[in-house]
Amino acid sequence: MKSKSITIYTIIISFVFAAAVFFFCYSLGHEYVNGSERTGRQFDHLAHDTSAALSSCDVSSQEFNSLFNKACGNLEDYAFITLKNSSSLLYVYPDSSVTSAQNISHFCKVYVSSFTVGGIPYVLTSSMYILRPSSIFYYARFSFIIILAATAFAAILIIYLHLSEKTEKEADNSSEVIPSPDEDEPAEEQIVSEDSPVKDDMPAPSGFIHGATDDDTFVNPEAAAQIRAEARNKPEGLFSPVTGFGWEQYLEPRLDSELVRAASSEQDLSLYIIRIPSLSFKDEPSKKICSYLLEQFQVTDMLFEYKSDGFAVIKDNTAVDEAVALADSLYNAVSKILKECNTDLKCAIGISSRSVRMLPGKRLIQEAAEALEHAFSEPDFPIIAFRANADKYRKFIENKN
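Note that the structure is predicted; figures quoted are calculated from it, not measured.

Turning our attention to unusual backbone geometry. When glycine is set aside, most residues are seen to have a negative phi, and most peptide bonds are trans. Following Tyr93, the chain continues into Pro94 via a peptide bond in cis, with omega recorded as 5°. As for its position among the elements, Pro94 is in the loop between strand E2 (89–93) and strand E3 (108–117). With a phi close to 60°, Val356 is a non-glycine residue in the positive phi region. If you trace the backbone, Val356 turns up in the loop between strand E9 (348–353) and helix H9 (361–377).

Shown next as structure tokens:
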């Protein structure tokens with residue numbers, strides 16, 4: 001859900017950026033295209049008002065100066081203005097030291113009007129901005145404010161997501177896996193690889209025993225003793241020096257952690273168990289298979305040894321259908337390696353997925369292991385996965401609650 005929200009926010013922010021840039025470019029383009037018509041009307045109005053002012057007032061009077069300035073309007077629309085008669089220069093903007101040639105550009109248009117008042121000829125010349133600097137500033141300021149607001153929102157979103165991720169990690173470290181019930185377990189269906197038929201008569205996995213302290217009551221005391229013995233004989237270090245993968249004893253704790261993380265993110269998760277009977281981890285085929293798996297998954301702490309002749313892989317954000325498709329390529333690659341090493345060893349793969357369930361890692365391992373045993377019992381189907389019946393599982397949980 002979080003990934004989907006981030007994608008939506010990114011699209012919205014990108015759209016705002018693009019809209020601000022488009023608004024700026026479109027507004028300036030529209031201003032430039034209509035500039036000639038606008039400046040023509042404005043100069044005609046200026047020439048008419050100037051002629052009327054000269055007819056009614058003395059050219060050197062304060063009244064004429066006021067009427068002429070009023071006729072000019074906003075002086076920021078002009079690159080320059082000059083008014084002269086046959087003997088002298090009567091008015092100049094912006095400065096007499098600046099020639100009219102210096103104020104001519106591709107964004108200006110020069111207009112000239114000649115008229116005679118009281119027998120005296122006058123020449124009015126102006127260079128007007130087709131694209132006004134004030135308009136450029138206005139549109140640029142508006143676009144900048146929009147982009148600044150979107151950037152600030154993006155920064156706040158990044159900070160929020162960073163703090164949320166940090167909070168989730170802390171919650172994951174302190175959370176416990178919610179085990180699924182071991183009695184009256186809802187029926188599950190089996191699937192095989194994409195080109196294999198679905199088998200409906202596959203028995204559901206049997207119940208399991210959760211890890212416990214000395215005060216807990218175990219269904220099977222011998223199993224409890226075995227769990228305690230394994231806990232006392234944990235291997236040194238996290239990874240096997242032979243394969244470079246995690247020890248099998250660390251598979252279940254890591255799987256528990258990943259299941260909690262997947263549940264909090266509303267994502268799926270799949271577990272692969274790959275076995276090659278009679279394989280030794282020190283053999284050359286095993287080394288090549290390890291290199292291939294590491295290259296394929298690129299996450300060492302998601303790869304584990306399984307028993308003395310197999311491997312287990314945790315693949316997050318992967319549903320059961322995707323897992324089966326990937327397992328097909330894994331099977332082909334491993335089989336090719338075994339063939340290149342001139343061995344008669346055979347490979348099989350068992351798969352199980354979280355499939356919207358809240359369950360411990362031990363249960364997922366048990367499902368994948370039983371799928372693997374079924375794959376070995378049917379040589380024609382070397383890849384078998386369990387697909388949980390989500391509807392039956394929800395009904396079962398509702399009835400339990």
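Quick look at the packing of aromatic side chains now. What the rule picks out here adds up to 13 aromatic pairs. Here the aromatic rings of Phe245 and Phe311 are separated by 5.8 Å at their centres, their planes lie at 75°, and the arrangement is edge-to-face. Here Phe311 lies in strand E8 (residues 310–316) and Phe245 lies in the loop between helix H5 (221–232) and helix H6 (251–264), a separation of 66 residues in the sequence. Comparing Phe245 with Phe311 shows no difference in burial state: the two are buried. An aromatic cluster of three or more residues is present, and its members are Phe23, Tyr138, Tyr139 and Phe142.

Time to look at the nonpolar core. Residues Tyr272, Ile276, Leu293, Phe311, Leu330, Ile349 and Ile351 are the most contacted members of the largest nonpolar core, which totals 30 residues. Only strand E6 (269–275), helix H7 (284–297), E8, helix H8 (320–340), E9 and strand E10 (383–388) provide two or more residues apiece to this core. In terms of residues, this core owes the most to one element, H8, which gives 10 residues. Of all hydrophobic cores here, the second largest spans 24 residues; its members include Leu269, Ile365, Phe381 and Phe386.

This brings us to H8. The end-to-end C-alpha separation of H8 is 30 Å, in line with the 30 Å expected for 21 residues at 1.5 Å each. Three or more residues of H8 are buried, namely Val320, Ala323, Val324, Leu326, Ala327, Leu330, Ala333, Val334, Ile337 and Leu338.

The next point concerns the environment of Ala150. Following the sequence through the fold, Ala150 ends up in helix H4 (residues 133–174). Classification of Ala150 by relative accessible area gives buried; the value is 9%. Through-space distance from the C-alpha of Ala150 to that of Ser14 is 8.8 Å; in sequence the pair is 136 residues apart. Filtering out sequence-adjacent residues up to four positions away, Ala150 remains in contact with Ile13, Val16 and Phe17.

Here we take up H6. The first and last C-alpha atoms of H6 sit 20 Å apart over 14 residues, in line with the 20 Å expected at 1.5 Å per residue. Taken as a whole, H6 has its buried residues at Leu251, Leu255, Asp256, Glu258, Leu259, Val260 and Ala262. One or two positions beyond H6, positive phi appears at Glu266, with a value near 55°.

Note on placement: Ser240 falls in the loop between H5 and H6. A distance of 2.6 Å separates a polar atom in the side chain of Ser240 from a polar atom in the side chain of Glu305. Contact partners of Ser240, with chain neighbours within four places excluded, come to Phe245, Trp247 and Glu305.

Strand order in this open sheet of four strands is E2-E1-E4-E3, and the pairing throughout is antiparallel. The outermost strands of the open sheet, each flanked by one partner alone, are E2 and E3. Averaged over all adjacent pairs, the angle separating strand axes in this sheet is 5°, with direction ignored. Its contacts with the sheet put helix H2 (residues 35–56) on strand E1 (78–85), E3 and strand E4 (120–129), and the angle it makes with E3 is roughly 25°.

Here the focus is the confidence of the model for the chain. Chain-level statistics for the chain give a pLDDT mean of 80 and a share of 77% at 70 or above. Contacts of residues 175–219 to residues separated by more than four positions or lying in other chains number 106 contacts, the stretch itself having pLDDT below 50.

It is worth spelling out a nonpolar patch on the surface at this point. A contiguous nonpolar surface patch, about 360 Å² in accessible area, is contributed by Ile8, Tyr9, Ile12 and Phe153. By residue number, the principal contributor to the nonpolar patch is helix H1 (residues 2–33), which donates three residues. Take Phe153: it is sitting in helix H4.

Thresholds, definitions, all that
- Residues numbered from 1 in each chain as written.
- Predicted model: local features only at pLDDT ≥ 70, side-chain atom pairs only at ≥ 80, totals over all residues.
- Heavy atoms only, no water.
- Helix = DSSP H or I, 4+ residues; strand = E, 2+ residues; numbered from the N terminus.
- Phe/Tyr/Trp six-rings, centres within 6.5 Å; stacked < 30°, edge-to-face > 60°.
- Buried < 20%, exposed > 50% of the residue type's maximum accessible area, 1.4 Å probe, protein only.
- Core = buried A, V, L, I, M, F, W, Y, C linked by side-chain atoms within 4.5 Å.
- Expected span 1.5 Å × (residues − 1).
- Contact = heavy atoms within 4.5 Å.
- Polar contact = N/O pair within 3.5 Å; in protein donor to acceptor, adjacent residues only side chain to side chain.
- Pairing = 2+ DSSP bridges.
- Axes fitted to C-alpha atoms, helices over the stretch in contact; angles between N-to-C directions.
- pLDDT = per-residue confidence, 0-100.
- Patch = residues over 30% accessible without salt bridge, like charges linked within 9 Å, V, L, I, M, F, W, Y side chains within 5 Å.
- Areas by Shrake-Rupley, 256 points an atom, 1.4 Å probe, with all protein chains shown as cover.
- Salt bridge = Lys/Arg side-chain N within 4 Å of Asp/Glu carboxyl O.

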